[in-house]
Amino acid sequence: MFSKVQKREVALLLFFYVFMAINYYMVLVIDTGIVRHKVAIVLNYLLKALISVPIWWLFFKRFASLPIWKKILIHVFTLIVFILVWIYIYYGICDYYGIFRLVGPRVVWDFYLTGLFYIIQFVVMHLYVYNR
């Protein structure tokens, strides 16, 4: 079972994902004026979480002993892979099921925000591990 530290870590991750999802939802509502983005938001952040799990394992279990500068170099590569895998899966599911997603010139925001999400997520995690 989970220890108290693990429960706290899981709770912090869930809070982070919910916080980011709510903010993204508000931005979409303000930008598009459409309120019915809930399925897209849940799918968006569920996919990001699922894609993040192997990256978490890679950095915090497999590469735990590497110096931070090497981890940063690996993060540059995994950031690109994370964005491309997320875009491919998310857009494929949205297009197949007719779920709302950004189109046209707004697509650049999905690349940007997904990259920003990745950076914030892993900076916070590395800081937490370093502090612990």
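Note that the structure is a prediction, hence the values are computed from the model and not measured. (Residues numbered from 1 in each chain as written. Predicted model: local features only at pLDDT ≥ 70, side-chain atom pairs only at ≥ 80, totals over all residues. Heavy atoms only, no water.)

(A) Representation of a nonpolar patch on the surface. Taken together, the side chains of Ile68, Trp69, Ile72, Leu73, Val76, Ile80, Leu84 and Phe111 define a hydrophobic patch exposed on the protein surface, amounting to about 810 Å² of accessible area. Note on placement: Ile80 falls in helix α3 (residues 68-97). Under the relative-accessibility criterion, Ile80 is labelled partly exposed at 47%. (Patch = residues over 30% accessible without salt bridge, like charges linked within 9 Å, V, L, I, M, F, W, Y side chains within 5 Å. Areas by Shrake-Rupley, 256 points an atom, 1.4 Å probe, with all protein chains shown as cover. Salt bridge = Lys/Arg side-chain N within 4 Å of Asp/Glu carboxyl O. Helix = DSSP H or I, 4+ residues; strand = E, 2+ residues; numbered from the N terminus. Buried < 20%, exposed > 50% of the residue type's maximum accessible area, 1.4 Å probe, protein only.)

(B) The arrangement of the pattern of salt bridges in detail. For the structure on display, the rule yields one salt bridge. Between Asp95 and Arg101 there is a salt bridge, and its shortest N-O distance comes to 2.8 Å.

(C) Up close: the packing of aromatic side chains. Under the counting rule described, the total for this entry stands at 15 aromatic pairs. Relative to Tyr45, the ring of Tyr24 has its centre 6.3 Å away and its plane inclined at 70°; by these criteria the two rings are edge-to-face. Linking Tyr24 in helix α1 (residues 4-32) with Tyr45 in helix α2 (residues 38-62), this pair joins segments that are 21 residues apart in sequence. For the pair shown, Tyr24 and Tyr45 are each scored as buried. Ring centres 6.1 Å apart and planes at 80° place the aromatic pair Phe59 and Phe63 in the edge-to-face group. Relative accessible area serves as the criterion here: at 0%, Phe59 is assigned to the buried category. Among the aromatic residues, those joined into a cluster by ring pairs are Phe16, Tyr17, Tyr24, Tyr45 and Phe117. The ring of Tyr24 has Lys48 sitting right over it, with the charged end atom 5.9 Å from the ring centre. One residue, Lys48, lies across the ring of Phe117, its end atom 5.0 Å from the ring centre. (Phe/Tyr/Trp six-rings, centres within 6.5 Å; stacked < 30°, edge-to-face > 60°. Lys NZ or Arg CZ within 6 Å of the ring centre and 35° of its normal.)

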